[in-house]
Amino acid sequence: MSVALCLQNISRHYIKDGKNFTAVSSVDLEVKSGEFLTFLGPSGCGKTTTLRMIAGFETPSSGEILLDGENITSVPANERQMGFVFQNYALFPHMKIFDNVAYGLKIRGESKDTIKKKVHEALAMVGLENAEGNYPNQLSGGEQQRVALARVLVLRPKIILMDEPLSNLDAKLRLHMRTEIRRIQKDLSLTCLYVTHDQKEALTMSDRIMVMQRGHIEQLGTPFDLYDDPASAFVADFIGQANLIPGILESKDGDFGIFSVGERRVRARLGKQNPPEIGKDALLVVRPENLSFAQGTENSLPVKLVNRLFEGDRIDYRFKIKNFTDTVYSMGVSFLPGMPILEEGKELEATFVPQAGVIIKK
Ligand code: ADP
Ligand code: MG
């Protein structure tokens, strides 16, 4: 795949509350043609600012933006051939769907016949070919968001930029629209940059995810990479759930390490993104769903149950590691009717297979 968009050492500073504030810090990124890439991170981490600099609504304080190899850093937004889909779909309420989608083409001065053909095509792409005579308020929220997408698609942009496009929709519709947007993107081989703070949305939709925190990139990789080999405690905890158990890496054995937690030693995979060093403080990342209770097995830690939360499909057992810190960790056990439920205060062993734990630098 060729590179469609390239960010080279992009930063953006603001004056905030009278002080110099860095909203985006030295971001380097190559987006491949046809790729669906998501910016993921907590509120305020710089996702929107990065997207707006790519769109041309905001100017970088330093760094360069290349589109198909051409430097566009100072090209105005309307000449960048990018389509922006906003959180609030911003359709014109007094215009029919056809005219909403045709709007950009009319401004471009395209002929009536061409406009008609292109609008029909764009509405067909989003599955709304029968809605062109309706007004926006006659459509559901999801349908309106699809019209907003059609309005951008009709202009054949080189890249589509979407900033939290689903956050105004109710939970069920949001799930449905994830697959809809991904389907349209794949069908048309669109290059798509997508912003969300919802890790599930990012995991299910993206080819790659750029995790951001306080303006910088924490990790860039496929959803699987981020889950399997997190580069930091922040990523481990932000993508899915994770127990972060502090300890020391005692020794290495190929791809695995021996890790001491208090008096105990356990075996786990060595992180590749952020490899730990022997004799140094490190973190064992182990997901709640990869832990189970056992008696007298290997690769286990002595624990005491603090409480349990019944979540329907699983039980979330909260526990402390014995003779260790006061931190409460979590184990998710799939619930099967008839299974024994463990009581608070019970002392037992929590075990995991070495492949399911990963040791990273602290
Ligand atoms: P996100 O989209 O990840 O929630 P933003 O990119 O919108 O975050 O904002 C990143 C940070 O930059 C925030 O702390 C925000 O307050 C600040 N910021 C954004 N725009 C401006 C501005 N025009 N002036 C001052 N600060 C801004
Ligand atoms: Mg934002």
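Here goes a summary of the coordinates provided. (Residues numbered from 1 in each chain as written. Chains lettered and ligands numbered in written order. Predicted model: local features only at pLDDT ≥ 70, side-chain atom pairs only at ≥ 80, totals over all residues. Heavy atoms only, no water.)

Examining helix α5 (residues 171-187)
Helix length check: α5 (17 residues) gives 25 Å between terminal C-alpha atoms against 24 Å at 1.5 Å per residue, within 8%. In this structure, the buried residues of α5 make contact with β3 (36-40), α3 (112-125), α4 (141-153), β7 (159-163), β8 (191-196) and α6 (199-205). Taken from the residues just after α5, S189 is the one with a positive phi, measuring 50°. (Helix = DSSP H or I, 4+ residues; strand = E, 2+ residues; numbered from the N terminus. Expected span 1.5 Å × (residues − 1). Contact = heavy atoms within 4.5 Å.)

Describing the sheet that holds strand β4 (residues 62-67)
Taken together, the 4 strands give an open sheet; going across it, the order is β2-β1-β4-β5, and neighbouring strands pair in antiparallel fashion. Strand pairing shows two members of the sheet lacking a second neighbour, β2 (19-32) and β5 (70-71), which therefore form its edges. Two elements, strand β1 (residues 3-16) and β2, share 10 bridges in a ladder whose sense is antiparallel. Counted as the bridge partner of L5 is V31 from β2. (Pairing = 2+ DSSP bridges.)

Side note on helix α2 (residues 97-107)
Regarding α2, the residues found buried are I97, F98, N100, V101, A102, G104 and L105. Taken together, the buried residues of α2 touch α3 and α4. Where α2 ends, the next residue or the one after it, G109, has phi of about 80°, a positive value. (Buried < 20%, exposed > 50% of the residue type's maximum accessible area, 1.4 Å probe, protein only.)

Overview of the site of ligand 1
Taken together, the neighbourhood of ligand 1 is formed by Y14, K16, F21, A23, P42, S43, G44, C45, G46, K47, T48 and T49. Y14 places a polar side-chain atom, nitrogen or oxygen, 3.4 Å from a nitrogen atom of ligand 1. Take G46: an N or O atom from its main chain is 3.1 Å from an oxygen atom of ligand 1. Out of a free accessible area of 570 Å², ligand 1 has 67% covered by protein chains. Mapped by element, the contributors of at least two residues to the shell around ligand 1 are β1, β2 and α1 (47-55). Among the elements that line the shell around ligand 1, the one with the most residues is α1, at 3 residues. Of the residues that constitute the shell around ligand 1, the class distribution is 5 nonpolar, 5 polar and 2 charged. (Near = heavy atom within 4 Å. Polar contact = N/O pair within 3.5 Å; in protein donor to acceptor, adjacent residues only side chain to side chain. Areas by Shrake-Rupley, 256 points an atom, 1.4 Å probe, with all protein chains shown as cover. Nonpolar A, V, L, I, M, F, W, Y, C, P; charged D, E, K, R; others polar.)

Here we look at the packing of aromatic side chains
On inspection of all chains with the given rule, the structure shows 8 aromatic pairs. An angle of 55° between the planes, with centres 4.7 Å apart, marks the rings of F92 and Y103 as tilted. With F92 in the loop between β6 (82-85) and α2 and Y103 in helix α2, the pair connects residues that are 11 residues apart, well separated along the chain. Grouping aromatic residues by their ring pairs yields a cluster made of F57, F84 and F86. Taking NZ or CZ as reference, R151 lies 6.0 Å from the ring centre of F92, over its face. (Phe/Tyr/Trp six-rings, centres within 6.5 Å; stacked < 30°, edge-to-face > 60°. Lys NZ or Arg CZ within 6 Å of the ring centre and 35° of its normal.)

Considerations on the environment of D207
Note that D207 resides in the loop between α6 and β9 (208-213). Residue classification places D207 among the partly exposed positions, given a relative accessible area of 28%. In this structure, the C-alpha to C-alpha distance between D207 and D225, residues 18 residues apart in sequence, is 11 Å. Look past the residues within four positions of D207 in its chain and what remains in contact with it is G34, E35, F36, R182, Q185, T222 and P223. Within polar-contact distance, the side chain of D207 engages the backbone nitrogen of F36 at 2.8 Å.

Here's the deal with the sheet that holds strand β10 (residues 216-221)
Spatially, 6 strands are ordered β6-β7-β8-β3-β9-β10 in an open sheet, and the strand pairing comes out mixed. Only two strands of the sheet have a single partner each, and these edge strands are β6 and β10. Taking the axes of each pair of neighbouring strands and ignoring which way they run, one obtains an average angle of 15° across the sheet. Where β9 and β10 come together, 5 bridges link them in antiparallel fashion. Within β10, the position partnered with V211 by the bridge is Q219. This element, α1, spans β3, β6, β7, β8 and β9 of the sheet and lies at about 150° to β7. The strands touched by α4 within the sheet are β6 and β7, with β6 carrying the most contacts at an inclination of about 170°. (Axes fitted to C-alpha atoms, helices over the stretch in contact; angles between N-to-C directions.)

Re the packing of α4 against α5
It is the contact of α4 with α5, at a shortest axis distance of 10 Å, that shows an interaxial angle of 20°. When the axis of α4 is compared with that of α5, the two are roughly parallel. At the point where α4 passes α5, the crossing takes the right-handed sense. Here G141, G142, Q145, R146, L149 and L153 of α4 come into contact with α5, specifically with L173, H176, M177, E180, I181 and I184. (Parallel < 35°, antiparallel > 145°, perpendicular 65-115°, else oblique. Left-handed = near helix turned anticlockwise from the far one by under 90°.)

Side note on unusual backbone geometry
Unusually for a residue other than glycine, D17 sits at a positive phi of about 50°. Relative to the helices and strands, D17 is located in the loop between β1 and β2. Positioned with a positive phi, S26 is a non-glycine residue whose angle comes to about 45°. Relative to the helices and strands, S26 is located in strand β2. According to the relative accessible area criterion, S26 is partly exposed, its value standing at 43%.

By themselves, these figures tell us nothing about what the structure is for.
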